[in-house]
Structures are given as structure tokens and as C-alpha cells.
Amino acid sequence: MKRLTASSFARRLFKSNSDHAHSQGSNENMTKPPAITADSFDSQSPKENRENTGSYDPVNIIHNHAFSEGLHLWCANCCNAFVVPAGSGYHKGIAEDVGCSYAVVTDRKECWQGLEQDITSRISAGCVYTVSACVGVSGTSHGSTEVQATLRLVYQNSETSYLFISRKSVTEEGWQMLEGSFSLSTMPNQAIFYLEGPSPGSDLFVKSVMITCPSFTDYESSRPTSSCTDDEKIIVNANFDDSLYSWSGRGCKVVCHESMADANINPTSGKYFASATDRTQSWNGIQQDITGRVKRKQAYEMTAVVRVHGHNVTNADVRGTLWVQAADNREQYIGIAKAQVTDKDWVQLQGKFLLNDSPSKAVIFLEGPPPGTDILLNSLVVNRAAKPPPPSPPVPENAIFGVNIITNTHLNNGTNGWFPLGDCTMSVKTGSPHIIPPMARDSIGAHERLSGRYISVTNRTQTWMGPAQVITDKVKLYLTYQVSAWVRVGRASGPQNVSVALGVDDDWVNGGQVEVSDDQWREIGGSFRIEKQAAKVMVYVQGPASGVDLMVAGLHIFPVDRRARFNHLKRQTEKIRKRDVILKFSGSDSGCLLGTTVRVRQMQNSFPFGSCICRTNIDNEDFNDFFVKNFNWAVFGNELKWYSTEAQQRNFNYRDADELLNFCYKNNIQVRGHCIFWEVESTLQAWIHSLNKNDLMIAVQNRLSGLLTRYKGKFKHYDVNNEMMHGSYYQDRLGKEIWANMFKKAHELDPSAILFVNDYHVEDGCDTRSSPEKYIEHILDLQDQGAPVGGIGIQGHIDSPVGPIVCSALDKLSILGLPIWFTEVDVSSKNEHVRADDLEVMLREAFAHPAVEGIVLWGFWELFMSREDAHLINAEGELNEAGKRYLALKQEWLSHAHGHTDDQGQFSFRGFHGSYEVEVVTASKKITKTFVVDKGDDALVISINI
């Protein structure tokens, strides 16, 4: 908000009401602001477009008019304010006999600073409103001062004007009434009522504020009554039965219709629908202010019926979004739902949201289609989200683990059971490997050697052409299947991608990929799972360019027995994550220690288990409690990324990152720095795209020096340049050496931080761009250029993980001798039990591998994760099956022992690395001591004096 001087305040006092008669201008030149501010909300309010006040007083349009709810819905204008409870006696002489609460506005440096409330959606053009405010002052130097009521009006062209309502000369002797009236000839985008005026340094007191319209009660009583529940009243006039009452345009016009397009578009329910039209920006749409109608820490579900309409658009993405503003003016967009919408039919848009804190303002709106496309809305409802019944664990019938479901794998019967996909030619030849590919050997059951025969596919004219089988009746829901085969290509001009694909009805599922670059047989491995019954499932091998021959041998697809693998991993974990410990007791009672009772309890495993957190998360004390108890590392979701800290050039915002960092430090949580740069072009700010080469290099250098100087020594790790295997924006513009230089400069600025590469699909066999082999080449190339790469980050966003495939990637990467961290682990399944199994696979594989030194989850709380159905805790705080499995594993990885000392006064056990407490009970006393078990191959001897 523009700050006014005392003289400009004086000039405004004499503006007449006629100065504020504006027509709504064109919005052709509107551009999307970097963040929505209250000033950007358009409230087109005809007479019937007043907000249904619900539980509020139906006469007074000021909410919380007597401060019974503190400062809820009120804001201090560039100063401070607080509410004094009834009977406090604060400021003698004015309030000691008052039996109610009142607001104190203090720290005022300008006369225009005071208390304000947004009343946009509660007033209409053409009505005369009466204002009555009970006010007082303190700290005046002249015995009296003026208090004024003002209306700030903001129009579509961003022009701001001020409507003088009334002023009153007020002394410190007691409360006085300020009274006046106002009327608007046309509605602005925004109308803010506020009290101002006392001289700087004076405190302004406000006991109550009333704004009423004589016709308002008559209008309300004439409206049809509603039988909806309290939840349904979150959205007022959800079906447009009262035209556009409580709805407005967000940077555009909104219109109510019975039909459109020569009656070709009609509501699917009810009599009316609305359109958001004259849209010039993708963020323009239809909105409703729901401030005060949603509560923190409660999950809500939005359901909207939408479609689009436009001359050149037949379909577009429509998004449901919630904009919230906190009391400290912090703003946030919350994505609720997104759907592909057509101009042919109404489509349901549905999603959930939750607020961690109580906002001072909340507005729900639809947005998304390109400019010029109308958004049509038939209805929009927000209710408390229903809690689904807990799912049952799936029990596939007659599951035979390790048995191949592919017909005629060995090609003993020619190509029987196979068919060519597309107009290509299949034949059987000999000369392929006789052994099962390595990744399958640990999973598959008893098997015979391969036959040495393979399918040769020639005359391929499309990349998708290859050998295929229909396996619909052989695939069971919720089982995880491993894919394994040998593949080769014929003469080609360069490396070729080969993949095993599954056509599941109309969907394509990735069963594994490999790059083949020579005349050698290569192993291809992957996995998949089907969770919805399909009419047809077809598997086929595809990928090389047209004209390139494809050869496939020994294709196996089989369900995986995860429990058998877990037993192996437990034995591995016992070897690498534990250490022999000898507690050697001594002291005055050492002569009679034989048989002394010893109880050992591990307090915490020292292995890093972390999670992604975001700034809004820590407003929820339930989130904080679970996080602090169950994780010892953190990474920030977006708050440290360049697009968050410098969304606009040279306009820095480290506030969110600072607050998260302080939260972690207070709770003894170590933090990874994610990330300094992000190599993928689509993630970069618009202003970066506009820079020439020289300016881009300067911006990169400034980013490095600004971030790493500010946080020197505070982040233990940095992901220097995220996802270099999947992008090359900086390298394409600044040269090949820029990647290594980023590492060098980061190390120079903060030598204590370990610098990581970080990428995805490294561990799952489904992306040739980031295969373990390619990742190793990438790291070696950086090191050859002098880059101080200190760690390998594997993100771990994975579907249907299979242990041997994950382990194979870890084995390959471990040859580099660098610590490996899983940095962004999440797994997804609608069934919590399957999700728990997937999570257990990832945690056990990582914890059992000697090269892995940390595991970080990419969140754990529903609605605050990048993937759906990946959470461990439901939105309102209930632990689901995946969360229970995580806690069970954490408990399994704690060591406890009890027994008695031997004849040498010693007690031995084998335990996980971490902190311990030992309780020793002798004949005369009970003693408790603490100790730490560090990593080491030799037995750790700890002397304890009792």
C-alpha cells in the first residue's frame, strides 16, 4: 500500500464523493502479479451480490465488530494493534469501566495509519450505508485529535481513490461516537474501510464499528431460506439460484446464464450457471471469498462442475485454487484440483485442501484456460472431506511368486504365443545368452537355463513395432511384477532405446528401458503393478528407430516375493549397521559386580532419516510433533530454490527459508540445501529466460555468492545443480564447464558443505537418460573437470519398487566410493497396505546397503506432497498403514538388551549405531548412564564407572 504523508492526508480530507464515481475499465493491459494481493481481487457486486453472512450479524456488515474474536478479519495498516480483554483497566481514564474488549492501535508513525477491514463482498453500488464507530485516543500532545473514517477504493486499472466518510475531534477523556454515511455509484475491485487520523505517536482505541444499510434486512428476509448443512454453507449460492450473489470476477467479468450458444449449452443441474468471460490472463476466473468459513487443520473437499467455451479452444486445463493471506500478509496459493475440460460436456473438478493456520483472508477461485476462453461453472461446493473406510490388504488368489507368466519364453515352439505388433516380420534365431539376466536371479524361482533362441524383428517402420503377447488373464491386481530380458539391436547409426511396454486398456505402462549402443546383448529390467481391473493387458518390446532390427531373448515377467527378500536384507543390515559393544563396569562396588542386572535401551539410531518440510507445515503443531520425534534430517520443498528466493530479479525473499532453518536448529535437525540451481528449463523464472549470456553468468555468480555467503556453515549438504541428467539450460548457454564451475565456486564459498549431484529414475530401470551407467559417466566427467563432487543423490520417486533392481543400481554407483543418499523418496498406491510394502522395500534396500548414508522422504503428510496417495499421515493427522510401517521399521532398528554382568564385570551386546541409555542395578543402588555407539569394525569397549 502507498504510504501517504501528513500533507497528502490533509488534501484527501476535502475530496467530494463525486470524485469516486468510476466505471469499470478495460482489463486488456492487466498482467499477472507475482503474488495475488488483496488489491487484485475484483468484486463485481450488483444489488443481489452481497455475501451471505451466515452466522454473522445480518445487519452489521462489519465482521467481528466488537473484537470478541481478537483481531480476526481486522488488519493494522503499517503499524501494530492488539485487543485488550474486557475489564483489564488498560489506559486509565478511558477503559477502566468498560465491560467489553477493544482494540488498541499503536506504534503509529503517520496520521493515516490505523485499523482496517476489507468489506468488498458485503457492499453494493446504489445503497446508502450508515457508519457508527466508538473510538478513543491516548498520547495526544494537544489534548484532542481527529479520528476519521475512510474508504479506500481500488479499481480494475489499479487506480486508487479515497472516500471520506466522517471525522470526529476526540479527547483522552472517554469514548466518543464517530458517525457518518457513504454510497457508491459503481463498484470498485476492492473496498477497504479503515479508521485513521490521530497525530503520529498517538494510540487509537476502537471499541466497536457498525456499518448498516436500512434495506439490507428487508433484502435478507426476502431471500429463500436454505436447508443446507453448515458444511454446504462454506460456499454461498453454490448453484447460482440467486444469480451472482457472493460471486465475483477475478480480473474479468462474470455473467449468470440460463443457457448459452443458442441453447446448446445448458446447466447439467439447477436452472443457472455462470461464466467467467473477457479473460485476458490465465489466472482470470470466477471467485468467492470464504474467509472465516474454513477452519485450520480440517480437511475440505471441493467439487465443481465446469466446462469451457471459446472460438478456438475445444479443451483446456481448469484448476481450482485457494488463495490465502495470513495476518502477517504472507500469501499462498493452494492448488486444490486440476482437470482437462472440454467445450462439449460438463466435467467434475474435485480435490481436497487443508489449512495449517487460520488466514485473515481466503478466496477460492477457478483459473487455467488460455486468455479468451470462458470458464463455465454450473456449481461449486466445499464440504468437510469425508474419511474413507480403512482399506483391506489385498490378497491375490493363487499367487505363485517367481513363476514366469510369459508364454513360450524359450521359443521351443517357434513364435507360438507371440505376434508382431504392427506390420513387421518376426522369426526365431539362435545365439542369445543361456543365463538369466543378473537382476532377475535373486527374485525368480527355480528355473532352467535359457535356450539360446531369440526373436528377431525386421522390417520395422515405426518405433513401437516389436514382439507382443496378451497377458490379461495372467496378471493379478496389486502384485508387483519384475520384468527381465536380454535385448540387442541390429546395425544402427547411434545408440538406441529399447523398452518393455505394457498397454493397459488405453494407458501405457513403462516396464523397463535400456540404451543399446553396440552389437552386444544388454540386460533390460523393470517392474510394474496394476491396481485397477483392465479389459486388456498387452506386453510388447519396442523402441529402436524405424529400420533398425530388434532382438529379444528370455523375456520373463513374474510376481516378486518381497518377504523372502526382506529376510536377506535383515541379515545384511545386521552386518553393516550394528557393532559389537562391551560395557566394562568399574567402581567401589566392582568387587561384587558378578550377576549385576544391566538393561540397555537405545534412545536414537544415528542413521539419517529425514523428510521434506515446507514453511506452511510448521504452522501445524501436530505436523511438528511427528516430524521432530521421527526424523533427524530435513530438506526444504521449495523455500531455498532460486524461484522462491528471487522470483523477481533483485527482489530477495529468504524469510521462509530462514524460519524453516531456525525451526530445524531449535529441534536439533540437520538440513540439506536443496537446491542452488535447477538445470531443467521449465523450472526457471521468467526473468532468467530474458537474460543474455553475460547477464546470465552474472546472475549465476550472484546466486552462488548470495546464497552460500548468507548460509555459510548452516546446510550440511547442497544439491548444486538439480537434475543435470534431465536438463541442460545453463550448459547450453554458458558452456560445458559451467557445471563444474558451479561446484568449484560453491566449495570455495562454503568448504564445510558436502556437494551433491541429484537426479531421478536412477534406481528403477525405467529411464535411459539417468541409468546408473550414465550417472557414473556424468560424475566422472565432473570430477575430471575438477568439480568437488562429494555425494550422490538418488531422488527415489519410484513406482512398484523391486529390491534387486534398486540394489543393482546401488552396487554400480558404489564403485565411485562416494556416499549415496536417497534424497526425495516417495511411493504411491491408493491402497495403504501396498504403499506400506513399497516404502518398506525402499527403506530396507537403502538401510542394508553399505554405500547408503542417508534416507530423506519427500514429505509424509497428506495434501502436502508432490504425489497423490504417497502420504504416511492422513490430512487431519491419522497415521495410515504406510506411516505405521515406517514407525515399525524405526523401532526395529533400535537395539535393546538386558542381562547380567559376567565374572569380569562386563556386559556384551551387538547394537545399532546411535545413542544409548544403560541402567545398572547393584545390591546397593541403581545407576543410569548414557553412551554412544559409533561406526566401526572392531568391538567398542566402553568403561562405565559405577
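Keep in mind that this is a model prediction, so the values were computed, not measured.

**As for the overall build of the chain**
In terms of helices and strands, the chain carries 15 helices and 45 strands. For the chain, contacts bridging at least 24 residues in sequence account for 78% of all contacts bridging at least 6. For the chain, the exposed surface amounts to about 39,700 Å²; the carbon and sulfur share of it is 47%.

**Considerations on helix H14 (residues 832–847)**
Compared with an ideal rise of 1.5 Å per residue, which puts 16 residues at 22 Å, H14 spans 22 Å between its outermost C-alpha atoms and is within 8% of the ideal. Buried residues dominate H14, accounting for 15 of its 16 residues. Between a side-chain oxygen at the N-terminus of H14 and the backbone nitrogen of His833 the separation is 2.9 Å; the capping residue is Asn831.

**Things to note about the confidence of the model for the chain**
Considering every residue of the chain, the mean pLDDT works out to 89; 90% of them sit at 70 or more. For the stretch residues 1–58, pLDDT sits under 50, and the model shows 159 contacts to residues farther than four places along the chain or on other chains.

**Description of the packing of helix H12 (residues 772–784) against helix H13 (residues 803–813)**
Relative orientation of the contacting elements H12 and H13 amounts to 25°, with a least axis distance of 9 Å. Between H12 and H13, the angle falls in the class roughly parallel. Considering how the two elements wind past one another, H12 and H13 form a crossing that is right-handed. Along the contact surface, H12 presents Pro772, Glu773, Tyr775 and Ile776, while H13 presents Ala809, Lys812 and Leu813. Of the residues in the contact of H12 with H13, the class split is 5 nonpolar, no polar and 2 charged.

**Here's the deal with the sheet that holds strand S2 (residues 80–84)**
Taken together, 5 strands build an open sheet; the order of strands is S2-S3-S10-S5-S8 and the sheet is antiparallel. On the outer flanks of this sheet lie S2 and strand S8 (176–183), each paired with one strand and no other. Going across the sheet, the axis of each strand differs from the next one's by a mean of 30°, ignoring polarity. Sheet topology places strand S3 (residues 102–106) next to strand S10 (residues 203–212); 3 bridges connect them, and they run antiparallel. From the neighbouring strand, Val104 faces S10, where its bridge partner is Phe205.

**What about the environment of His568?**
As for its placement among the helices and strands, His568 is situated in helix H4 (residues 562–576). For His568, a relative accessible area of 32% gives the class partly exposed. In this structure the C-alpha to C-alpha distance between His568 and Ala848, which are 280 residues apart in sequence, comes to 9.3 Å.

**A word on the nonpolar core**
Formed by 108 residues in total, the largest nonpolar core has its most connected members in Leu583, Val600, Phe636, Tyr718, Tyr730, Phe822 and Phe931. The dominant element in this core, judged by the number of residues it contributes, is helix H11 (residues 738–749), at 7 residues. Discounting chain neighbours no more than four positions away, the residues touching Leu583 are Val600, Gly905, Gln906, Phe907, Phe909, Val918, Phe931, Ile942 and Ile944. Grouped together as the second largest cluster of nonpolar side chains are 38 residues, Ile286, Val294, Ile336 and Leu366 included.

**Quick notes on the packing of aromatic side chains**
Under the defined criterion, the tally for this structure stands at 42 aromatic pairs. Measuring from ring centre to ring centre gives 6.3 Å for Trp175 and Phe205, while their planes differ by 55°; the resulting arrangement is tilted. Placement of the pair is Trp175 in the loop between strand S7 (160–171) and S8 and Phe205 in strand S10, with a sequence separation of 30 residues. Through a chain of ring-to-ring contacts, three or more aromatic side chains come together here, namely Phe623, Phe626, Phe627, Phe631, Phe663, Phe860, Trp861 and Tyr886. The cationic tip of Arg577 hangs over the ring face of Phe847; the distance from NZ or CZ to the ring centre is 5.2 Å. Lying across the ring of Phe756, Arg672 places its NZ or CZ 4.8 Å from the centre.

**A look at the sheet that holds strand S20 (residues 374–384)**
Reading across the sheet, the 5 strands line up as S12-S13-S20-S15-S18 and stay open at both edges, with antiparallel pairing between neighbours. A strand with exactly one partner marks an edge of an open sheet, and here the two such strands are strand S12 (253–257) and strand S18 (347–354). Adjacent strand axes in the sheet meet at a mean angle of 30° when their direction is disregarded. The pairing of strand S15 (residues 299–309) with S20 spans 10 bridges and is classified as antiparallel. In the sheet register, Glu301 faces S20, and the bridge partner there is Asn383.

**Let's talk about the side chain of Thr291**
With respect to the helices, strands and loops of the structure, Thr291 is situated in the loop between strand S14 (285–289) and S15. Of the polar contacts made by the side chain of Thr291, one reaches the side chain of Asp289; its length is 2.5 Å.

**Notes on the packing of H13 against H14**
Contact geometry of H13 with H14 gives a least axis separation of 10 Å together with a crossing angle of 35°. Our pair here, H13 against H14, has a crossing hand that is right-handed. Contact with H13, carried on its side by Gly803, Pro804, Val806, Cys807 and Leu810, involves Val841, Met842 and Glu845 of H14 and no other residues of that element. A class-by-class count of the residues in the contact of H13 with H14 yields 6 nonpolar, 1 polar and 1 charged.

**Section: H4**
Under the 1.5 Å per step criterion, the end-to-end length of H4 is 21 Å for 15 residues, consistent within 8% with the ideal 21 Å. Here H4 has its buried residues at Arg562, Arg565, Phe566, Leu569 and Thr573. Buried residues in H4, looked at end-on, bunch into an arc of 100°, giving them a common side. Exposed and oriented more than 90 degrees from the buried face of H4 are Arg571 and Lys575. At its buried positions, H4 is contacted by strand S31 (578–586), H13, H14 and strand S42 (906–912). Residue Asp561 occupies the N-cap position of H4, its side-chain oxygen lying 3.3 Å from the main-chain nitrogen of Arg563.

What counts as what
- Residues numbered from 1 in each chain as written.
- Predicted model: local features only at pLDDT ≥ 70, side-chain atom pairs only at ≥ 80, totals over all residues.
- Heavy atoms only, no water.
- Helix = DSSP H or I, 4+ residues; strand = E, 2+ residues; numbered from the N terminus.
- Contact = heavy atoms within 4.5 Å.
- Areas by Shrake-Rupley, 256 points an atom, 1.4 Å probe, with all protein chains shown as cover.
- Expected span 1.5 Å × (residues − 1).
- Buried < 20%, exposed > 50% of the residue type's maximum accessible area, 1.4 Å probe, protein only.
- Polar contact = N/O pair within 3.5 Å; in protein donor to acceptor, adjacent residues only side chain to side chain.
- pLDDT = per-residue confidence, 0-100.
- Axes fitted to C-alpha atoms, helices over the stretch in contact; angles between N-to-C directions.
- Parallel < 35°, antiparallel > 145°, perpendicular 65-115°, else oblique.
- Left-handed = near helix turned anticlockwise from the far one by under 90°.
- Nonpolar A, V, L, I, M, F, W, Y, C, P; charged D, E, K, R; others polar.
- Pairing = 2+ DSSP bridges.
- Core = buried A, V, L, I, M, F, W, Y, C linked by side-chain atoms within 4.5 Å.
- Phe/Tyr/Trp six-rings, centres within 6.5 Å; stacked < 30°, edge-to-face > 60°.
- Lys NZ or Arg CZ within 6 Å of the ring centre and 35° of its normal.
- Arc of directions from axis to C-beta.

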